Structures are given as C-alpha cells and as structure tokens.
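# A look at the structure
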Amino acid sequence: MSASNEEFVSIDIYPELMFEEDLTPDCGVEIDDVCEQIKTAVKGWGSDKGGLIDALGSTTPEDRLKIAIRYKDIYDKELKDVLKKETSGDFGQAMKYLSLDPVRAECAMIKDACKGIGSHATLLHTILVGRSNRDMELLKKTYYKYYTKDLTGIISSELGGDNWKLASAGLQAAEEPFDPDYHTEEKAEEDVEEIWKNGQGKFFGTDETKLFKTVVLSPPKYLRMINEIYTDKYGYTLTKAMEEELGGNARRGAVFAIKMRLKPYEAIAEMVKAACAGIGTDELLLTCCVIRYQDMMGHVNFAHEEMYGKNIQDRVRDECSGDYKKLLLSLMEKVSPES
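In this numbering scheme, every chain counts its residues from 1 along its sequence in written order. Only residues with pLDDT of 70 or above have their local features reported here, since the model is predicted, and side-chain atom pairs are shown and tallied only from 80 upward, although totals for entire chains, interfaces and linings are computed over all residues. For the side-chain quantities, the full set of heavy atoms in the structure was used; hydrogens and water were omitted.

The salt bridge definition used is simple: a Lys or Arg side-chain nitrogen within 4 Å of an Asp or Glu carboxyl oxygen. Counting across every chain of the model gives 20 salt bridges. Taking the shortest distance from any N to any O, the salt bridge between Glu-106 and Arg-131 comes out at 3.0 Å. Note that Glu-106 is positioned in helix H7 (residues 102–113) and Arg-131 in the loop between helix H8 (121–128) and helix H9 (133–147), a separation of 25 residues in sequence. According to the relative accessible area criterion, Glu-106 is buried, its value standing at 1%. Partly exposed residues are those whose accessible area sits between 20% and 50% of the maximum for their type, while under 20% is buried and over 50% is exposed, using a 1.4 Å probe and protein chains only. Looking at Arg-131, the relative accessible area reads 5%, which means it is buried. The salt bridge involving Lys-240 is made with Glu-244; its shortest N-O contact spans 3.8 Å. Of this pair, Lys-240 and Glu-244 both sit in helix H15 (residues 238–245), separated by four residues, roughly a single helical turn. Counting from the N terminus, the helices are DSSP H or I runs at least four residues long and the strands are E runs at least two residues long.

This is the structure:
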C-alpha cells in the first residue's frame, strides 16, 4: 500500500494474493524448486537445518502461500506436518509459521499465544489491533474455517478487563473510511472532548470502552487530527494520555494501536525492541514480528536504526543463537539486506 493511502486506511499486512477468491496461483518453477529443496532437507535420519533455512529463509509471505499449496500438490503431504516432525524449539516454531500461508500463520500464532496458564496479551494485541478491516475479516473467517471456533469467543475467554475491551474493538473490523465531509476538524474537537472527559478529565475512573472505540475505529488521517488537537489543548499526545490512564498490557496495546495508525513502522520497531528488552528474549513475540511484518521490514528496519542506533539484524545477533538466529537473519536479509 502506498504512503498516501496509509493516511486514509490502516495498512494491510496480508499480501494481495490472499484476497483472491480462487487460491490456486500460478506458482512457477521457482516455487517447485523450493519445495524440492525442502523435500531434500528432510530426507533420511534427521533434517538438514541449513537446507531448510536456505529454502524457507529466503521466501516472502506471498512465496509461502504458494509453497504451502504446491508442496501438498507435489508430495500429497501438508508442509506444516512435515516440518513439525523434523524441527523443534524456537527454530521449529518459526518453521511452523513459515510452512503456512500468512493468514493461517497468524491463526497458529493466536493458538500459541493462548497456550498454557495465562495468554500472551501483548502478542494478541499486535495481531488484533491496528489492522485493516479486510485483514481482520479474513483472519476471523480463516480461524473459524480451520478451528471451527469463533475467534471473538476465543479471545473473550483469554483476555479480561481492559485487555478484552481493546481486543474487542479491534475484532469488530469496523475502522471508518475517511470522509472529509464527516471527519472534520469540528468533529475532531468533539471527540477530543469525549476522550478527555472519559480519560484524563474524568474525576473517578476511566471509561476505557469509549477511549478504545475512538482509538481503534478512527481512520489514520482523522486520528492524526484528533492527536494534534488533543496535544494543542491538553499538552499530551494520545499515546501519552494512554500511558497515563492505563496500565500493564492494556497500556502497551493501546499505545501500539495508536501508533499503528499514526506511525506504523515505528510501532513495529518498538515491538521488536520490546521482544528483546529485559532479562531474556521473548522469542515468540520476536519470531512473530519478523515473520508477520516481513514485507514491510525495509521501512521498519530504517525506523529501528533511526530510533535505536542499530538495525534489527544486530538485535537478532545479540539476542538469539544457533539455527534460530540464522533463520531470522535470513528472513531479514531477503527484504532488508545489510550493506
């Protein structure tokens, strides 16, 4: 999506091919070659991890859609089942996502985020907020197709309180299309007053539902208007206001939702850094960031370097090891090669 379009609607993460009715794309000999590389790498006793990295580490999201379809056509086996048997750990988890088309990969990420005691709220927020309407509709449809469960129902059982209110707003897939006759400066001023009255200006408590509705459902250009008026009037940006009013994962999720509308590449760069912050790396979050946002990683990497003085490859080298590190670096190199 062009930069000019980003002013009016949220960016699509899924490649355009995912929205075609007939998902039988012309794959070409290059895709068949990758399938053969994978088949060779998993032959015999133990898999050739280097061969798998060479094969899948140099692919794009659109490539992986074609590979998942073509591998089944040629070998009559689901690629995800083959790689599940042959790989494990953080490397195996990344390979699982790479064996799927981009939408099914996000469905698998949601399943993994909901495993065990307590869900990974930050990962869920990155998937569920700041999305285009058509991305979200396709995600919900695909989740039901493969798991026969309603995604909204699943998330409502996993998240509570402010985390659920924020995710619920995102799941509506109801971002308003920008209309200059409706999204006027006068309306922005009214919404600023509503945000203030239900947030920082509220004497007791915060009405998060109304805050999240404005943040999640406003088109980017209009949210930018609201942010500028709010800053001029109250001396706080919207992100700062959310940081003041909210806590924990809901605060991080709300800030991410705003920034995905206003400065998406910086928002993703910050999430990559967050995955590597503190004691120990959040490998699941890091893996999902690199794979989900791969198509836009050239822009994200530039923002990351501007913000933190190092590129994402350097961060991966510092935080990861072994085949897992090699795989993430290969995925980055495909779209954002180091000079």
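Picking up where we left off.
Let's shift gears to the packing of helix H13 (residues 208–217) against helix H16 (residues 248–262). Where H13 meets H16, the axes come as close as 9 Å, and the angle between the chain directions of the two elements is 30°. As far as their axial angle goes, H16 and H13 are roughly parallel. As for how H13 packs across H16, the hand of that crossing is left-handed. Residues Phe-212, Val-215, Val-216 and Leu-217 of H13 pack against Ala-254, Ala-257, Ile-258 and Arg-261 of H16. Of the residues in the contact of H13 with H16, the class split is seven nonpolar, no polar and one charged. Think of each axis as a best-fit line through the C-alpha atoms, taken over the contacting stretch in the case of a helix, with angles from 0 to 180 degrees between the N-to-C directions. Orientation is classified from the angle alone, with under 35 degrees giving roughly parallel, over 145 giving roughly antiparallel, 65 to 115 giving roughly perpendicular, and any other angle giving oblique. In this scheme, a crossing is called left-handed if the near helix is turned counterclockwise away from the far one by less than a right angle; it is called right-handed if the turn is clockwise. Whether two residues are in contact is decided by their heavy atoms: any pair within 4.5 Å suffices. Three classes are used, and their members are as follows: Ala, Val, Leu, Ile, Met, Phe, Trp, Tyr, Cys and Pro are nonpolar, Asp, Glu, Lys and Arg are charged, and the others, Gly among them, are polar.

Moving on to the packing of aromatic side chains. Pairing of aromatic rings covers Phe, Tyr and Trp, the last through its six-membered ring, and needs centres within 6.5 Å; plane angles under 30 degrees mean stacked, over 60 mean edge-to-face, and all others mean tilted. Following the criterion strictly, the structure yields five aromatic pairs and no others. Between Tyr-14 and Phe-19 the ring centres are 6.4 Å apart and the planes differ by 45°, which places this aromatic pair in the tilted class. Taking the relative accessible area as the measure of exposure, Phe-19 reaches 21% and is therefore partly exposed. Ring centres of Tyr-230 and Tyr-234 lie 5.2 Å apart, and the angle between their planes is 55°; on these two criteria the pair is classed as tilted. Here Tyr-230 and its partner Tyr-234 are both found in helix H14 (residues 220–234), four residues apart, which amounts to about one turn of the helix. Residue class for Tyr-230 comes out buried when judged on its relative accessible area of 0%. What links up through ring pairs into an aromatic cluster is the set Trp-196, Tyr-230 and Tyr-234. Our definition puts a charge over a ring when NZ of Lys or CZ of Arg is within 6 Å of the ring centre and also within 35 degrees of the ring normal. The ring of Tyr-147 carries the charged tip of Lys-111 above its face, separated from the ring centre by 4.8 Å. Just above the ring of Tyr-308 sits the side chain of Arg-315; from NZ or CZ to the centre is 5.5 Å.

Turning to the layout of surface pockets, a few remarks are in order. Space inside the second largest pocket adds up to approximately 320 Å³. Only protein atoms enter the 1 Å grid used here. Points where a 1.4 Å probe fits but cannot escape make up a cavity, open sets with protein on both sides within 12 Å along at least five of seven lines make up a pocket, and a residue lines them when an atom lies within 4 Å of a point. Taken together, 14 residues make up the lining of the second largest pocket; nearest its centre are Lys-80, Lys-96, Leu-100, Ala-108 and Tyr-147. Secondary-structure elements contributing two or more residues to the lining of the second largest pocket are helix H5 (79–86), H7 and H9. Considering each element in turn, the lining of the second largest pocket owes the most residues, five residues, to H7. When the residues that make up the lining of the second largest pocket are grouped by side-chain class, the tally is five nonpolar, one polar and eight charged. Grid points are joined across faces, edges and corners, and a volume is the space filled by probe spheres set on the points.

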